[in-house]
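Fold and geometry: a report
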Amino acid sequence: PTSKYLIGGDYKLGRNVRYSAGIDQVLSPRVRTNVLFNNMHLQQQPRGRNRNAPVDGIRPDASFANDIESITDTEIRRQEVHVNATISLVAPSPVVAQARFNWRRINLNAGYSWIRARNNAAGPFDVSPSGNPENDWGPGPQDSPYRIQILMTSTQLRNLTANLTYSTNAGAPYNWTTGYDDNLDGLLKPSHLLLRHGKVIRK
């Protein structure tokens with residue numbers, strides 16, 4: 001039998017509530033820094049509900065396999081912290097710019113981001129492996145404990161600009177499937193473990 005996918009009759013548009021706070025401070029003619037905090041709450045997010053899940057191995061409607069209805073009762077909760085700093089080894093001035101070579105004509109721009117995202121659904125037609133979304137909270141979109149970038153710009157030699165960039169970030173979570181339909185919901189997508197750097201972060 002084929003599967004059926006449909007939009008639920010009470011399907012709602014997503015609702016996004018965001019609060020932000022930031023500060024930008026010039027510490028000296030050569031140093032500037034800023035900090036930004038974001039708190040986001042995305043509500044009425046879609047997930048799948050199987051209306052024809054097997055009961056004791058038998059589907060209520062034998063004419064279909066899975067009957068997946070997309071409903072909107074899940075969430076994404078996300079907090080972000082972004083820190084940036086700009087440092088110049090010499091204060092800009094016409095005299096400094098005129099010299100053919102000046103080793104202090106270097107600018108550094110450094111940034112650090114921390115993002116904690118949590119959700120309890122994987123997508124509009126993904127069915128909860130536990131049967132209850134409240135048991136399915138785990139890392140959400142772009143969740144990352146650190147992202148770091150450093151950019152060095154050199155104008156030490158007049159009329160020549162050179163850039164050097166360093167960036168690093170935490171690995172993204174990934175699924176490790178068991179290969180079996182452990183929760184007996186009749187779906188091709190089995191229950192799984194969610195990992196980052198080989199450590200289980202959600203069952």
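Residues numbered from 1 in each chain as written. Predicted model: local features only at pLDDT ≥ 70, side-chain atom pairs only at ≥ 80, totals over all residues. Heavy atoms only, no water.

**A closer look at the pairing of strand S2 (residues 15-28)**
Bridging between S2 and strand S3 (residues 31-50) involves 13 bridges; their strand directions are antiparallel. Each bridged residue has a counterpart across the sheet, and for Val 26 the counterpart in S3 is Arg 32. (Pairing = 2+ DSSP bridges. Helix = DSSP H or I, 4+ residues; strand = E, 2+ residues; numbered from the N terminus.)

**Side note on the pattern of salt bridges**
Two side chains that carry opposite charge are able to pair once their charged atoms sit near each other. The final tally for this structure, using the stated rule, is 9 salt bridges. The salt bridge partner of Asp 10 is Lys 12, with a shortest N-O separation of 2.8 Å. Taking relative accessible area as the criterion, Lys 12 reaches 34% and is therefore assigned partly exposed. Across the pair Arg 78 and Glu 80 runs a salt bridge, and its minimum N-O distance is 2.6 Å. (Salt bridge = Lys/Arg side-chain N within 4 Å of Asp/Glu carboxyl O. Buried < 20%, exposed > 50% of the residue type's maximum accessible area, 1.4 Å probe, protein only.)

**Remarks on the pairing of strand S5 (residues 106-119)**
Sheet analysis places strand S4 (residues 67-88) next to S5, joined by 13 bridges and oriented antiparallel. Directly across from Val 81, in S5, lies its bridge partner Trp 114. Sheet analysis places S5 next to strand S6 (residues 138-139), joined by 2 bridges and oriented antiparallel. The residue of S6 that forms the bridge with Asn 119 is Gly 138.

**So, the packing of aromatic side chains**
Scanning the model with the defined rule gives 1 aromatic pair in all. Measuring from ring centre to ring centre gives 5.6 Å for Tyr 5 and Phe 125, while their planes differ by 90°; the resulting arrangement is edge-to-face. In this pair, Tyr 5 is assigned in strand S1 (residues 4-7) and Phe 125 in the loop between S5 and S6, connecting sequence segments 120 residues apart. Tyr 5 sits in the exposed class, given a relative accessible area of 52%. Across from the ring centre of Phe 64, 4.5 Å away, lies the NZ or CZ of Lys 4, which sits over that ring. (Phe/Tyr/Trp six-rings, centres within 6.5 Å; stacked < 30°, edge-to-face > 60°. Lys NZ or Arg CZ within 6 Å of the ring centre and 35° of its normal.)

**Quick look at the environment of Ser 20**
Position of Ser 20 relative to the elements: it lies in strand S2. Every residue in contact with Ser 20, bar those within four places of it in the chain, is listed here: Leu 36, Phe 37 and Asn 38. Polar side-chain contacts of Ser 20 include one of 3.1 Å to the side chain of Arg 18. Polar side-chain contacts of Ser 20 include one of 2.6 Å to the side chain of Asn 38. (Contact = heavy atoms within 4.5 Å. Polar contact = N/O pair within 3.5 Å; in protein donor to acceptor, adjacent residues only side chain to side chain.)

**Remarks on unusual backbone geometry**
Even without being glycine, Asp 56 reaches a positive phi, approximately 55°. The phi angle at Gln 142 is positive, at roughly 65°, despite the residue not being glycine. Topologically, Gln 142 is positioned in the loop between S6 and strand S7 (144-154).

**Let's talk about the side chain of Ser 128**
Checked against the element boundaries, Ser 128 lands in the loop between S5 and S6. A polar contact is formed between the side chain of Ser 128 and the backbone nitrogen of Gly 131, at a distance of 3.0 Å. Contacts of Ser 128, omitting those with residues within four sequence positions, involve Gly 48, Pro 133 and Asp 136.

**A few points about the side chain of Arg 78**
Along the chain, Arg 78 falls in strand S4. At a separation of 2.9 Å, a polar atom in the side chain of Arg 78 contacts the side chain of Gln 142. Here Arg 78 is in contact with Asn 38, Asn 39, Met 40, Ile 115, Arg 116, Ala 117, Pro 141 and Gln 142, once residues within four sequence places are set aside.

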